[in-house]
Amino acid sequence: MTKDNGQIFSTFGWWFAYPFHFLENLSGLITYQDGIFVRWFGNSLLYAASISLGSTMICAFGGYAFSKYDFPGKQFLFNFILATIMVPSTALVLPLFLMLNKIGLVNNMLGVILPSLVNPFGLYLMKVFWDSSLPNELIEASRLEGASELKIFWRIGMPLMQTGLVTVALLAFVGAWNNFFLPLIVLSEQKLYPLTLGLNVWNSVSYSAGGKPVFNLIAIGSLVSVLPLLVAFVALGKYWRGGLTAGATKG
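These numbers come from a predicted model, not from an experiment.

Q: So what about a nonpolar patch on the surface? Which residues, and what values?
A: Taken together, Phe12, Trp14, Trp15, Phe16 and Phe20 make up a surface patch of nonpolar side chains, about 770 Å² in accessible area. Following the sequence through the fold, Trp15 ends up in the loop between helix 1 (5-10) and helix 2 (22-68). According to the relative accessible area criterion, Trp15 is exposed, its value standing at 60%.

See below:
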């Protein structure tokens with residue numbers, strides 16, 4: 001981060017070198033290839049924010065249904081959803097790519113966002129939170145008062161689920177921000193890449209014959225890429241710590 005390309009290979013790797021090139025590297029990161037890093041950063045924010053919000057709301061609705069309603073096949077369906085967690089992502093690559101190609105979502109941002117909205121573990125966590133945070137007696141009392149099901153969900157249940165919502169949203173945000181495999185198979189245009197894929201392209205070019213080495217930009221780009229995660233964890237720390245504890249001890 002503070003070294004240029006020459007210093008990276010000529011100085012001790014676990015300490016700083018003089019002169020510092022931090023500001024120079026940061027400027028180069030922003031301007032290199034017409035500022036494509038800024039585009040990648042914005043893409044990652046868009047992917048992570050939309051996936052986090054969409055996935056959390058789907059999990060909230062699904063968890064509420066599994067927690068508070070009885071319907072035929074409920075336990076079987078819930079167990080089946082949980083079982084999908086054990087399916088390795090590599091086994092889904094080919095069918096997922098063929099499906100996205102069939103509906104025209106290859107090399108499209110929606111091709112990354114829509115599959116990522118499926119979050120079985122988040123659904124499980126939300127069911128646990130609904131079980132522990134919203135008593136059935138409160139729901140029955142609200143129904144007797146004439147409240148609709150949607151009003152019970154939004155006006156009574158959701159305010160009680162703040163910890164659970166933040167926990168699931170944060171986990172989804174981290175997963176989407178660090179997502180590499182799905183964008184790799186779906187996207188081919190660099191302007192659509194997230195940071196994970198973009199920095200990997202720079203790394204591959206740096207090692208290729210005839211490629212321009214930009215290891216200094218990769219290093220400082222990696223630093224910048226983790227800052228949103230640090231900010232999110234620090235700002236929402238009191239919620240996700242308590243949320244993970246509740247999800248681990250209640251069922």
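Q: I'd love a proper account of the side chain of Lys68, names of residues and values included.
A: Within the element layout of this structure, Lys68 appears in helix 2. An unpaired buried charge is present at Lys68: no salt bridge exists, and Asp131, the closest side chain of opposite charge, is 4.8 Å distant. Engagement of the side chain of Lys68 in a polar contact is seen with the backbone oxygen of Trp130, the distance being 3.2 Å. With near-sequence residues (within four places) excluded, Lys68 lies in contact with Trp130, Asp131, Leu134, Asn136 and Ile139.

Q: How would you explain the pattern of salt bridges if you had to name every residue and give the values?
A: For the coordinates displayed, the defined rule picks out five salt bridges. Notably, a salt bridge pairs Lys191 with Glu189, separated by 3.6 Å at the nearest N-O pair.

Q: I'd like to hear about the packing of aromatic side chains, residue by residue, with values.
A: Counted by the stated rule, this structure contains 17 aromatic pairs. Arranged with centres 4.5 Å apart and planes meeting at 15°, the rings of Phe61 and Phe153 form a pair that is stacked. Note that Phe61 is positioned in helix 2 and Phe153 in helix 8 (residues 149-160), a separation of 92 residues in sequence. Judged by its relative accessible area of 37%, Phe61 is partly exposed. Its relative accessible area of 2% is what places Phe153 among the buried residues. Measuring from centroid to centroid gives 5.2 Å for Phe66 and Phe78, while their planes differ by 55°, and the two rings are tilted. Of this pair, Phe66 sits in helix 2 while Phe78 sits in helix 3 (residues 74-83), placing them twelve residues apart in sequence. The class for Phe78 is buried, based on a relative accessible area of 8%.

Q: Break down helix 2 for me, citing the residues and quoting the values.
A: Here helix 2 is 47 residues long, yet its end C-alpha atoms lie only 54 Å apart, well below the 69 Å a rise of 1.5 Å per residue gives. Approximately 115° is the largest bend angle found in helix 2, and it occurs at Gln33.

Q: Help me get a handle on the nonpolar core, residues and values and all.
A: Formed by 37 residues in total, the largest nonpolar core has its most connected members in Leu29, Phe37, Trp40, Tyr47, Val186, Leu187 and Trp202. Secondary structure elements with two or more residues in this core: helix 2, helix 4 (93-102), helix 5 (109-116), helix 9 (162-177), helix 10 (181-186), helix 11 (195-207) and helix 12 (215-235). When residues in this core are grouped by element, the largest group, eight residues, is from helix 2. Those residues in contact with Leu187 that sit more than four places away from it in its chain are Tyr47, Asn107, Asn108, Val112, Leu192, Tyr193 and Pro194. Residues Ala60, Phe78, Phe129 and Met161 belong to the second largest nonpolar core, which totals 20 residues.

Rules and cut-offs
Starting from 1, residues in each chain are numbered consecutively following that chain's sequence as written. For a predicted model such as this one, the threshold for reporting local features is a pLDDT of at least 70, and the threshold for listing and counting side-chain atom pairs is 80 or more; totals across whole chains, interfaces and linings nevertheless cover every residue. By convention in this description, side-chain values take in all heavy atoms of the structure and omit both hydrogens and water. Exposure above 30% relative accessible area and the absence of a salt bridge qualify a residue for a patch, where like charges join within 9 Å and nonpolar side chains (Val, Leu, Ile, Met, Phe, Trp, Tyr) within 5 Å. To measure how exposed things are, a 1.4 Å probe is used in the Shrake-Rupley method; for residues, cover is taken only from the protein chains shown. In the sections that follow, a salt bridge refers to a side-chain nitrogen of Lys or Arg positioned within 4 Å of a carboxyl oxygen of Asp or Glu. Going along the chain from the N terminus, every DSSP run of H or I of four or more residues is numbered as a helix, and every run of E of two or more is numbered as a strand. Relative accessibility under 20% of the residue-type maximum defines a buried residue, over 50% an exposed one, and the middle range a partly exposed one, all with a 1.4 Å probe and only protein chains included. Positive: Lys, Arg. Negative: Asp, Glu. His and the chain ends are not part of the count. By the criterion applied in these results, polar contacts are pairs of N or O atoms within 3.5 Å in which, for protein atoms, one can donate a hydrogen and the other can accept it, and in which residues neighboring in sequence qualify only through two side-chain atoms. Contacts were defined at the residue level, with two residues in contact if any of their heavy atoms lie within 4.5 Å. Stacked, tilted and edge-to-face are the three classes assigned to paired rings of Phe, Tyr and Trp, where Trp is represented by its six-membered ring and a pair needs centres within 6.5 Å; plane angles under 30 degrees give stacked, over 60 edge-to-face, the rest tilted. Expected helix span is given by 1.5 Å per residue-to-residue step, counting one fewer step than there are residues. The bend reported for a residue corresponds to the angle between axes fitted to the seven residues ending at that residue and the seven starting there. Nine residue types can take part in a nonpolar core, namely buried Ala, Val, Leu, Ile, Met, Phe, Trp, Tyr and Cys, and a core is a set of them joined through side-chain atoms within 4.5 Å.

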